[in-house]
Amino acid sequence: MLPLLIKARLMGMGMAGWTAAAAPVPMPADTVSLVYTARAATPVPVPLFDENLRVQATVEIDHLGNSDAATTKKIRHLFRCRVTNRERPIARKSLLMLKDVAEMYEGKTIEFVSVYRVQRGESLTSPHRDGRAIDFRIRGEQLRTIRDYLWRKYTEVGIGWYPSEQFIHMDTRPTLHDTSWTFVNGANRYNPYWAELARRPAQPVTQARRPGA
Ligand SMILES: [Zn+2]
């Protein structure tokens, strides 16, 4: 939630959707930064759908991946282990990435396939066991685009693409190397070409030289 003071000032000035660029007169710098701070601190609604239990819920996550106490509890419950029903906190950065995707695809629902997994057989090093991984999709959107966006923007992450199963695995792995893979025919293929392409720096636009110039 916004601090009351900022909220009151925003409402009083009627400028919640106001930007400096659109202003007819220059705004005092502190007011501009106040508006931006307020906007950045506003939690983003993240519409979720549990594809296994067919449950819909919206949670609000802020620009740091945090949420209020009630929401944090709700997230733990939504993302609980489906086999054991156990819950655990979900990594803040993973939630930040989820919020980021929700922001990119405003109004769309993020369908989650699997988050916390602690059942027997789940690898001891699995980021799902640690509450750091989220498997998801957005119906009607290209998984490739979401995959490339996340891989380009974040480091210390794992991004897996499951084209047959139609979902993306994303996890955060602090201090560990980035890992990318495509799951094909029952196995992970690491360092796929899409990952190389997504992180390739954009080619500078060069002007063609005129003959004799
Ligand atoms: Zn996964």
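Quick notes on the rules
Residues numbered from 1 in each chain as written. Predicted model: local features only at pLDDT ≥ 70, side-chain atom pairs only at ≥ 80, totals over all residues. Helix = DSSP H or I, 4+ residues; strand = E, 2+ residues; numbered from the N terminus. Buried ≥ 20, exposed ≤ 12 C-beta atoms within 10 Å, placed from the backbone. Contact = placed C-beta atoms within 7 Å. pLDDT = per-residue confidence, 0-100. Core = buried A, V, L, I, M, F, W, Y, C linked by C-beta atoms within 7 Å. Pairing = 2+ DSSP bridges. Arc of directions from axis to C-beta.

1. So, the environment of Gly65
So, step 1. With respect to the element layout, Gly65 can be found in the loop between strand S2 (55-61) and helix H3 (69-78).
So, step 2. According to the C-beta neighbour criterion, Gly65 is partly exposed, with 18 such atoms within 10 Å.
So, step 3. Put simply, Gly65 and Arg92 are 27 residues apart on the chain and 5.0 Å apart in space, counted from C-alpha to C-alpha.
So, step 4. Once residues lying within four places of it in the same chain are set aside, the contact partners of Gly65 are Arg92, Lys93, Leu95, Leu96 and Lys99.

2. Regarding the confidence of the model for the protein
So, step 1. The pLDDT averaged across the protein works out to 87; a share of 78% of its residues lies at or above 70.
So, step 2. The low-confidence segment residues 1-21, where pLDDT is below 50, has 15 contacts with residues more than four positions distant or belonging to other chains.

3. Some words on the nonpolar core
So, step 1. Core analysis: the biggest nonpolar cluster contains 29 residues, and Val46, Leu98, Ile110, Ile168 and Met170 have the highest contact counts within it.
So, step 2. Elements with a contribution of two residues or more to this core: strand S1 (44-50), S2, helix H4 (92-104), strand S4 (133-137), helix H5 (143-153), strand S5 (157-162) and strand S6 (167-172).
So, step 3. The element best represented in this core is H4, accounting for 5 residues.
So, step 4. Excluding anything up to four places from it in sequence, Val46 contacts Thr58, Val59, Ile61, Leu98, Lys99, Ala102 and Ile110.

4. Description of the pairing of S6
So, step 1. With 6 of its 6 residues buried, S6 lies for the most part within the structure.
So, step 2. Residue alternation in S6 divides its side chains into two sets, Phe167, His169 and Asp171 and Ile168, Met170 and Thr172, and both sets are buried.
So, step 3. Pairing of S4 with S6 involves 4 bridges; the strand directions are antiparallel. By the bridge assignment, Asp135 is partnered in S6 with His169.
So, step 4. Direction of pairing for S5 relative to S6: antiparallel, over a ladder of 6 bridges. Paired with Gly158 across the two strands is Asp171, which belongs to S6.

5. Notes on H5
So, step 1. Among all positions in H5, only Ile146, Arg147 and Trp151 are buried. Angularly, the buried residues of H5 cover 125° about the axis, an arc narrow enough to put them on a single face. In H5, the exposed residues that point more than 90 degrees away from the buried face are Thr145 and Lys153.
So, step 2. In this structure, the buried side of H5 is in contact with H4, S5, S6, strand S7 (179-184) and helix H6 (193-199).

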